[in-house]
Every structure is written in C-alpha cells, then in structure tokens.
Amino acid sequence: HSKQDIINYFTVIDFSKDHIHPEKGLNTVLLQKEDTGEVYYLQENEILKKNLRTIRGKVLIFYTLQSMQDFFSSLKEKAFVDPLCSVYNRHYLEIQKLKLAVKESLPLSFLLCDIDGLKTVNDTFGHIIGDEYIVLCSKAIQSSVRETDLIFRIGGDEFLILLPKTTLEKSLSIAEIITEKVRNGHLGQHYTTSISIGCSTATSFPIDFENHMIIADKNMYIVKTRHHEMALAHTRTEHKKV
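Residues numbered from 1 in each chain as written. Predicted model: local features only at pLDDT ≥ 70, side-chain atom pairs only at ≥ 80, totals over all residues. Heavy atoms only, no water.

Enquirer: For the side chain of Ser171, give the residues involved together with the corresponding values.
Expert: Within the secondary structure layout, Ser171 lies in helix 6 (residues 168-183). If we ignore the near neighbours within four places in the chain, the residues touching Ser171 are Ser109, Leu111, Leu163, Thr166, Cys199 and Thr201. (Helix = DSSP H or I, 4+ residues; strand = E, 2+ residues; numbered from the N terminus. Contact = heavy atoms within 4.5 Å.)

Following this line, the structure appears as structure tokens:
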C-alpha cells in the first residue's frame, strides 16, 4: 500500500509544517480513525541500504497518542527527576522559579538542607552507604511536606524545599520535624544521621529567589556550625568517660 492509501483510512486532524521536508513531502502526521475516534501518530522512516547512501524502501510506524504521552512523560521524568532520590533536580528548579514568582505564592518559604558528615560516611563506609544516607534524608523530607510543596536535590548532599503560602514560623516548624526524623533514622549502627536546615521567607513581590537562597544558605551554615560544636562536645564527653 502507498502512504496515501493508508492515510485514506483516517481523517487527518493536524500536522506541523516543521515536519514537511521540501523534497520528501509530509513525513509525520496525526491521524484519527473515523469509526472509533482513536488518534494515532504516523511517522515515515526511510530504510537505507548498507552503504547508507541509497534508499531501500520506507516504513510507516503508528503510535497511539497514549503511548506518545507516556513516552514524553518518561522523557520529562528523566530530564527533571533525580534518579537516586526521586525528587526534582536543579533543571526543574529553573522552570518552577517562573511559575512560583507570583503574588499567589506568598508567603513563599525556602528551606535549604545540607546533610551533615556525608564525606566522612563516604570515606569510612563507602559511597553505597553514603547513597543510603542521602536517600534516608530525602525520605524524611518527602514525608514532612505537603503535596503542593516542591523538593529539589541541588547538589550531592543539598536539598531545596519551596513552600508556597507558608510563613517563616511554619517553615521553621517543618525544618524541626525533618531534623528529628533524620536524627532518629539511623542506618543500622554505622553512624549518627544529622541534617542542617536554613530558612528564609519571601513576603513581598517581586520575589528575589537568589537573595532568599543566599539567606537560607547563611542560616543553614549557622545551624551546621552548631551541630558540629555539639558533636565535638559529645565526643569529648565520651572520651572522659573512657
């Protein structure tokens, strides 16, 4: 059958001129069956001979629209989701900045999270245990926020949480919940788990994302210093007991 014979079984509902080759004509098209209403994506591919210079023939490939949607959903997940933790990555953050930069997001709170002692864990127990530590912290974060909140892994041991319509007081409460969950979430008896979280809240428009990231980062390092001092004090106490 020729391509036109096959297309005659369908009703053409849409096509893009971007897909029309000036010499080859139309090579992709969306089609709809008249009897069932099912929508298909038709793609025409050339079959080349072994020398890759001459055309041996052509093949027409049909995809259901649902399969195409699944395909693009899969691409989106690979592009925007961190494979280790199943949270969003830094690329998706750039897109969400535009969506959240509206008055309806206010107050918009930023929680910047940094895992304590990950390098020591990696050096002592290996990166497999280190990855388990990262996943543990990610799960603690995910179980502590709402579905409308957004979690991003922006570095090896850093997470950013964006909390729309959340006051500073409420965000500090969420930070404490996450900290407690991580603190109580030991991985076997390998080490003590800990996370440092800094907060900042935008209350006016326009929202300066970079400035609030800087503020949250500074506050996070204040918390991290305090955690480090507490760990040193605990170590000294244990040595005295010995």
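Enquirer: An account of the pairing of strand 11 (residues 195-202) is needed here, citing residue identities and associated values.
Expert: With eight of its eight residues buried, strand 11 lies for the most part within the structure. Here strand 11 shows two buried faces, one formed by Ile195, Ile197, Cys199 and Thr201 and the other by Ser196, Gly198, Ser200 and Ala202. Sheet topology places strand 8 (residues 108-115) next to strand 11; eight bridges connect them, and they run antiparallel. Within strand 11, the position partnered with Cys113 by the bridge is Ile197. (Buried < 20%, exposed > 50% of the residue type's maximum accessible area, 1.4 Å probe, protein only. Pairing = 2+ DSSP bridges.)

Enquirer: Break down the sheet that holds strand 11 for me, with residues and values.
Expert: Pairing in this open sheet of five strands is mixed, and the strands run 7-9-10-8-11 from one edge to the other. Two strands bound the open sheet, and with one partner strand each, they are strand 7 (88-89) and strand 11. Examined bridge by bridge, strand 9 (residues 150-153) and strand 10 (residues 158-163) share four bridges and lie antiparallel to one another. For Ile151, the partnering residue across the bridge sits in strand 10 and is Ile161. Each of strand 7, strand 8, strand 9 and strand 10 is contacted by helix 3 (residues 90-100), which is oriented at about 145° to strand 9, the strand it contacts most. (Axes fitted to C-alpha atoms, helices over the stretch in contact; angles between N-to-C directions.)

Enquirer: Requested: an account of the pairing of strand 8, with residues and values cited.
Expert: The two faces of the sheet receive side chains in turn, since in a regular strand these alternate between them. Of all eight residues in strand 8, eight are buried; the element is thus mostly enclosed. Here strand 8 shows two buried faces, one formed by Leu108, Phe110, Leu112 and Asp114 and the other by Ser109, Leu111, Cys113 and Ile115. As paired elements, strand 8 and strand 10 share six bridges and run antiparallel to each other. Bridged to Ser109 within strand 10 is Leu163.

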